[in-house]
Amino acid sequence: MELYLDTADVAAVKRLARVLPLQGVTTNPSIVAKAGKPLWDVLPALQDALGGEGKLFAQVIANRADEMVKEAQLLATRVPGLIVKVPGTPEGLAALKQLKILGISTLGTAVYGAAQGLLAALAGAEYVAPYVNRLDAQGGDGIQMVQDLQQLLMLHAPGSKVLAASFRTPHQAMSCLLAGCEAITLPVDVAEQILVTPAVTAAIEGFEKDWQGAFGTLTL
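Residues numbered from 1 in each chain as written. Predicted model: local features only at pLDDT ≥ 70, side-chain atom pairs only at ≥ 80, totals over all residues. Heavy atoms only, no water.

The protein chain appears in an unreviewed UniProt entry as Fructose-6-phosphate aldolase from Cedecea davisae. Among the UniProt annotations of the protein chain, the heading Subcellular location (unreviewed entry) holds the following wording: "Cytoplasm". (UniProt positions renumbered as here; feature names shortened; annotations may be inferred.)

Draft legend 1. A look at the packing of aromatic side chains. Tallied over the entire structure, the rule returns four aromatic pairs. With centroids separated by 5.6 Å and ring planes inclined at 75°, the aromatic side chains of Phe-57 and Tyr-127 adopt a geometry described as edge-to-face. Placement of the pair is Phe-57 in strand S3 (residues 55–59) and Tyr-127 in strand S6 (residues 127–130), with a sequence separation of 70 residues. The buried category is assigned to Tyr-127, whose relative accessible area is 0%. Members of the aromatic cluster, connected to one another through ring pairs, are Tyr-4, Phe-57 and Tyr-127. Stacked on the ring of Trp-40, the Lys or Arg Arg-78 has its end atom at 4.1 Å from the ring centre. (Phe/Tyr/Trp six-rings, centres within 6.5 Å; stacked < 30°, edge-to-face > 60°. Helix = DSSP H or I, 4+ residues; strand = E, 2+ residues; numbered from the N terminus. Buried < 20%, exposed > 50% of the residue type's maximum accessible area, 1.4 Å probe, protein only. Lys NZ or Arg CZ within 6 Å of the ring centre and 35° of its normal.)

Draft legend 2. Quick look at the pattern of salt bridges. Here the structure, examined in full by the defined rule, presents five salt bridges. A salt bridge links Arg-15 to Glu-192, with the shortest nitrogen-to-oxygen separation between them at 2.4 Å. Of this pair, Arg-15 sits in helix H1 (residues 10–17) while Glu-192 sits in helix H10 (residues 188–195), and the two are 177 residues apart along the sequence. Among the residues examined, Arg-15 registers a relative accessible area of 43% and is labelled partly exposed. We classify Glu-192 as partly exposed; its relative accessible area is 31%. Note that Lys-70 is salt-bridged to Glu-67, the shortest N-O span being 3.8 Å. With Lys-70 and Glu-67 both in helix H4 (residues 65–78), this residue pair falls three residues apart, about one helical turn. Residue class for Lys-70 comes out exposed when judged on its relative accessible area of 51%. (Salt bridge = Lys/Arg side-chain N within 4 Å of Asp/Glu carboxyl O.)

Draft legend 3. The arrangement of the pairing of strand S8 (residues 183–186) in detail. Burial along S8 is two-sided: Ala-183 and Thr-185 facing one way and Ile-184 and Leu-186 facing the other are all buried. Alignment of strand S1 (residues 2–6) against S8, held across four bridges, turns out to be parallel. Counted as the bridge partner of Leu-5 is Leu-186 from S8. Alignment of strand S7 (residues 161–164) against S8, held across two bridges, turns out to be parallel. Pairing of Leu-163 across the sheet is with Ala-183, part of S8. Where the polypeptide runs from S7 across helix H9 (residues 170–178) and back to S8, its parallel neighbour, the crossover connection is right-handed. (Pairing = 2+ DSSP bridges. Right-handed = clockwise from strand over helix to strand, strands pointing away.)

Draft legend 4. Quick look at the sheet that holds S1. Taken in spatial order, the eight strands line up as S1-S2-S3-S4-S5-S6-S7-S8 and close into a barrel, and their pairing is parallel. Direction aside, neighbouring strands of the sheet carry axes that sit 25° apart on average. Contacts from helix H3 (residues 39–49) reach strand S2 (24–26) and S3 within the one sheet, and its direction differs from that of S3 by about 160°. (Axes fitted to C-alpha atoms, helices over the stretch in contact; angles between N-to-C directions. Contact = heavy atoms within 4.5 Å.)

Here's what the structure looks like:
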């Protein structure tokens, strides 16, 4: 599987890359805007935080296919190896088809339905990103949508991968992996929830207390 962080927080990426088997970092316009720094400063900093390795994802801003293609070409030129995120709108699908011909790697993003995700994959997207929690918040079933999308890609677009996104809880992320997702991207807070469990912390503290009480030290 491929594990990504969904953030533009360079310090958090550097901290978590030390312990997590990260394949890279995903961003979107809102995430970059929250960071408060220009995209062209954020992307190299994220690459450095990953130790100079790993995939980066950045999204186009334009709404028309021709402009999306131009922005994608700019991103691919400025940041070699970057995967361009394109929304799964009608114009986005048209852009994905053109970018496939140009040999630019893409991710179909803002996916709220399995059929929409399949169309993005058929248009040429290497990855498709269903929004799990956002769909749940609208009264849908994000996990079921991911399961359906995963099945559709296996049957009809095996060259594309589900990269599940938009999580609020570790349970949502694990459910996507159990559904067969090959990739997920986690917000920093969800990644930290997985890493730090109160019960585990309490158990370790108990071990330390008992050891120190018996031997007067916390070393072997």
